[in-house]
Amino acid sequence: MRFRATLIACLSLALLLSADAGAQETQPSEYQVKAAFLFNFAKFVEWPPESFAGAKSPMVIGILGDNPFGSDLEQTIQNKTINNRLIVIKPLPSLAEATNCQVLFISTSEKARLAEIFDGLRGTSVLTVSETDGFTDAGGMINFVREGKKIRFQINDEAAKKAKLKINSKLLSLAFHPAH
């Protein structure tokens, strides 16, 4: 329970800090919520040391395909660190560059290429995240899903383990498991 309260507090704080001071909206946008989730996913995943070029290398969040976040992701992670690593956002024009990041958001524009993308990432420790139907069934690690008005997420822990990533058990417990 304490973890859930802490995670909710972190997400709320991230959303408040990323909100435009002059914004009239009372509710965060869908992509402000997803940006806060992305930041928090990175906080609750362990990468093997060889995933980074060096001790001071940044944590890179890559975006493959169309960027649905606009400036929301940059605003959310601005001046933030995870494990003393600065967080950097990189739009990726090609799959070859995707192996140089720790978190890879795969846009729905890349749905037809998922098998090719997963093949290209095989043997790397890249956390794959999307909002594409069937993403975790296809081999992706974390997928955003909508449940009513809420944004939830599904986790494919087996895919993460194959990539030598350790997802915190408390984050796993918060994942959405749709009724079959």
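You'll find the structure just up there.
*Asks:* It is not clear to me how the nonpolar core should be interpreted in this structure. Could you clarify?
*Replies:* A general trend in soluble globular proteins is that nonpolar side chains are found buried together. Ranked by size, the top nonpolar core spans 39 residues in total, and within it L38, F41, W47, L73, L127, V129 and F153 carry the most contacts. With eight residues, helix α2 (residues 30-43) is the largest single contributor of residues to this core. In contact with F41, not counting residues within four places along its chain, are L127, V129, I142, F144, F153 and L171.

*Asks:* Even after reading the chapter, I still don't get the sheet that holds strand β8 (residues 150-155), so can you show me in this structure?
*Replies:* Two pairing modes exist for strands in a sheet, parallel and antiparallel, and in both the strands are linked by backbone hydrogen bonds. Judged by pairing direction, the sheet is mixed, and its seven strands sit side by side in the order β3-β4-β2-β5-β6-β7-β8 without closing on themselves. Of all the strands in the sheet, just β3 (81-82) and β8 have a single pairing partner and so form its edges. Taken together, the four bridges between strand β5 (residues 103-106) and strand β6 (residues 127-130) define a ladder with parallel strand orientation. Residue pairing across strands places V103 opposite L127, the latter belonging to β6. Across the face of the sheet, α2 comes into contact with β2 (59-64), β3, β4 (85-92), β5, β6, β7 (142-147) and β8 while running at roughly 35° to β8.

What counts, and at which threshold
Residues numbered from 1 in each chain as written. Predicted model: local features only at pLDDT ≥ 70, side-chain atom pairs only at ≥ 80, totals over all residues. Heavy atoms only, no water. Core = buried A, V, L, I, M, F, W, Y, C linked by side-chain atoms within 4.5 Å. Buried < 20%, exposed > 50% of the residue type's maximum accessible area, 1.4 Å probe, protein only. Helix = DSSP H or I, 4+ residues; strand = E, 2+ residues; numbered from the N terminus. Contact = heavy atoms within 4.5 Å. Pairing = 2+ DSSP bridges. Axes fitted to C-alpha atoms, helices over the stretch in contact; angles between N-to-C directions.

Everything listed is a geometric property; what it means functionally is a separate question.
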